[in-house]
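Here is what each chain is made of, one letter per residue.
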Amino acid sequence: MNKKWITKATPYLFIMPWIAGLLVFTAGPLILSFVMSFFDWPITSSPKFCGISNYLEMFTQDRQFGKSLIITLKYAAIFVPLNMIIALFLAMLITQPVKGVKTFRTIFYIPTVVSGVAISIIWGWMFNGEYGIINYLLSLLGIDGPDWLVDPAWALFAVILVSAFGVGTMMLIFYTNIKNIPVDLYEAASLDGAGPVKQFFSITIPIITPTILFNLITSMISAFQQLTLVMLLTGGGPLKSTYFYGMFVYDNAFKHHRLGYAASNAWVMFLIILILTSVVFKSSDAWVFYETEAGGKKKKG
């Protein structure tokens, strides 16, 4: 065998397991789901080709499609900025040179490694309207707490609070980026009379904008795919006030046994995420600062 050919093929042999995993577990199911979206595909009988009827039914007949999409958009509009603000705040806290900061860093990250089932059970107890600790703490302040998970006016807000509990990964991403900012920049700003708040908005925020962009995209995707917490906390209720789009797709597939229709639902969600992500990337030219940029404009040539 040609030695030169072996040398060229070696790198591809090392990445072959990843390529196989991509084809089998990602690209393959993605293509199959697209094909399924054009079929009436029940679990118990043979699939039948139906063209674009699944998409037509979704947009013209299924009212729950629009309702679930609106609920998910509301959730994302609150969850994404709240999640990022909390993560950035915690990241700034653990960058401070105080005693025991490593302990707090661990405490803030621990909720991330806890399973969604355990988090749902814990917060379900805490949000219980009769014996939950949240309402007990509110009663100490003279406030009569609501029935969080059974009141349509509060259920979505409760789910958002629980979702924001696991910001550990985003916090560490922010923390890593903030720690890499040269100390000289802060020292120079301090000599010029800039206080901590001015330094935060004039130095920290502009430098970490690429990380903000990354966390913004991942948070948006996570918001649209939210399923575990809402399924275990509220089951989509009360009165379907927390019936997220993810539950809509899940129920069509595994409760109503309409795999083709669920596949079309999933592809619409994919397109919505793709459009939103493209809009964010397009807008990033105006607010994301990279090291290769000078004066807010990208260097040419």
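An account of the accompanying structure is given in this report. Everything quoted here is computed from the prediction, not taken from an experiment.

1. A word on the overall build of the protein chain
Next up, step 1: When helices and strands are tallied, the protein chain shows 14 helices and four strands.
Next up, step 2: Projected onto its principal axes, the C-alpha coordinates of the protein chain cover approximately 80 × 75 × 35 Å.
Next up, step 3: Counting the 301 residues in the protein chain, one finds 37% classified as buried.
Next up, step 4: A separation threshold of at least 6 residues defines the contact pool for the protein chain, and within that pool the share at least 24 residues apart is 68%.
Next up, step 5: Distance between charge centroids for the protein chain: 12 Å, based on 20 positive and 14 negative side chains.

2. Quick notes on the side chain of T277
Next up, step 1: By the element assignment, T277 lies in helix α14 (residues 259–287).
Next up, step 2: Sequence-distant contacts of T277, that is, excluding residues within four places in its chain, are made with I217 and M220.

3. Quick notes on the packing of aromatic side chains
Next up, step 1: Per the counting criterion, the structure on display carries 22 aromatic pairs.
Next up, step 2: Seen in terms of ring centroids, F34 and F38 are 5.2 Å apart; in terms of plane orientation they differ by 85 degrees. Their pairing is edge-to-face.
Next up, step 3: The partly exposed category is assigned to F38, whose relative accessible area is 21%.
Next up, step 4: On the basis of an interplanar angle of 35 degrees and a centroid distance of 6.3 Å, the ring pair of F104 and F108 is categorised as tilted. Placement of the pair is F104 and F108 together in helix α4 (residues 101–113), with a separation of four residues, close to one helical turn.
Next up, step 5: On the accessibility criterion, F108 (22% relative accessible area) is partly exposed.
Next up, step 6: Grouped by ring-pair contacts, the aromatic residues W123, F127, W148, W154, F157 and F165 constitute a single cluster.

4. Quick word on unusual backbone geometry
Next up, step 1: G237 connects to P238 through a cis peptide bond whose omega is -5 degrees.
Next up, step 2: On the secondary structure map, P238 appears in the loop between α12 (228–233) and α13 (245–254).
Next up, step 3: Unusually for a residue other than glycine, H257 sits at a positive phi of about 60 degrees.
Next up, step 4: Along the chain, the position of H257 falls in the loop between α13 and α14.
Next up, step 5: Classification of H257 by relative accessible area gives partly exposed; the value is 40%.

Calculation criteria
- Residues numbered from 1 in each chain as written.
- Predicted model: local features only at pLDDT ≥ 70, side-chain atom pairs only at ≥ 80, totals over all residues.
- Heavy atoms only, no water.
- Helix = DSSP H or I, 4+ residues; strand = E, 2+ residues; numbered from the N terminus.
- Buried < 20%, exposed > 50% of the residue type's maximum accessible area, 1.4 Å probe, protein only.
- Contact = heavy atoms within 4.5 Å.
- Lys, Arg positive; Asp, Glu negative; His and termini not counted.
- Charge placed at Lys NZ, Arg CZ, Asp CG, Glu CD.
- Phe/Tyr/Trp six-rings, centres within 6.5 Å; stacked < 30°, edge-to-face > 60°.

Remember that the coordinates give geometry; whether it matters functionally is a separate question.
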